[in-house]
Amino acid sequence: MSQFKKINTSQKVTKTQLKNILGVSYPTALKEYQVIVDSLALKRKYLQISDLITYGILP
């Protein structure tokens with residue numbers, strides 16, 4: 001049995017969570033959130049954990 005918990009990469013990432021992940025202020029996180037959505041050319045208006053992995057923020 002695996003010791004590691006499988007991560008649900010389709011889970012949504014809130015702007016507050018992104019703020020904490022990046023260690024920045026909330027206004028900066030809002031800007032970064034939109035930059036990531038635009039850079040990845042997402043059709044949806046929210047981020048998922050898989051997007052942060054693709055963008056290189058999470059391993």
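The shown structure was predicted, so the numbers you read here are calculated from the model rather than taken from an experiment.

Chemist: Would you mind going over the overall build of the protein chain in detail, with residue names and values included?
Modeler: On a plain count of helices and strands, the protein chain comes out with 3 helices and 2 strands. Counted from the first residue to the last, the protein chain has its helices and strands arranged as β-α-α-β-α. Its C-alpha atoms give the protein chain principal-axis dimensions of roughly 40 × 25 × 15 Å. For the protein chain, the proportion of its 59 residues judged to be buried stands at 20%. If you sum the accessible surface of the protein chain, you get close to 4500 Å²; carbon and sulfur atoms cover 56% of it.

Chemist: Which residues make up the pattern of salt bridges, and what values do they have?
Modeler: Applying the stated criterion across every chain yields a total of 1 salt bridge. Linking Asp51 and Arg44 is a salt bridge whose minimum nitrogen-to-oxygen distance equals 2.7 Å. On the basis of relative accessibility, which here comes to 6%, the residue Asp51 falls in the buried class. Residue class for Arg44 comes out partly exposed when judged on its relative accessible area of 23%.

Chemist: Explain the confidence of the model for the protein chain to me, using residue names and the numbers behind them.
Modeler: For the protein chain, per-residue confidence averages 92 on the pLDDT scale, and 93% of positions sit at 70 or higher. Looking over the protein chain, one finds the lowest element-wise mean pLDDT in helix 3 (residues 49-55), namely 95, and the highest in helix 2 (residues 26-39), namely 97.

Chemist: Kindly report on the environment of Val35, identifying the contributing residues and their values.
Modeler: Structurally, the position occupied by Val35 is in helix 2. Residue class for Val35 comes out partly exposed when judged on its relative accessible area of 36%. Sequence spacing of Val35 and Leu58 is 23 residues, and the spatial spacing of their C-alpha atoms is 16 Å.

Each value, and the rule that gives it
Counting restarts for each chain, with residues numbered from 1 along the sequence as it is written. Given that this is a predicted model, residues contribute local features only at a pLDDT of at least 70 and side-chain atom pairs are listed and counted only at 80 or more, while totals for whole chains, interfaces and linings are drawn from all residues. Derived side-chain values reflect all non-hydrogen atoms in the structure, with water molecules and hydrogen atoms excluded from consideration. A helix here means a DSSP run of H or I that spans at least four residues, while a strand means a run of E at least two residues long, and both kinds are numbered starting from the N terminus. Each residue is placed in one exposure class: buried if its accessible area under a 1.4 Å probe, protein chains only, is under 20% of its type's maximum, exposed if it is over 50%, and partly exposed if it falls in between. The Shrake-Rupley method, run with a 1.4 Å probe, gives the accessible areas here. Residue values count only the displayed protein chains as cover. By definition, a salt bridge exists where a carboxyl oxygen of Asp or Glu is found within 4 Å of a side-chain nitrogen of Lys or Arg. Confidence scores labelled pLDDT are given residue by residue by the predictor and lie between 0 and 100.

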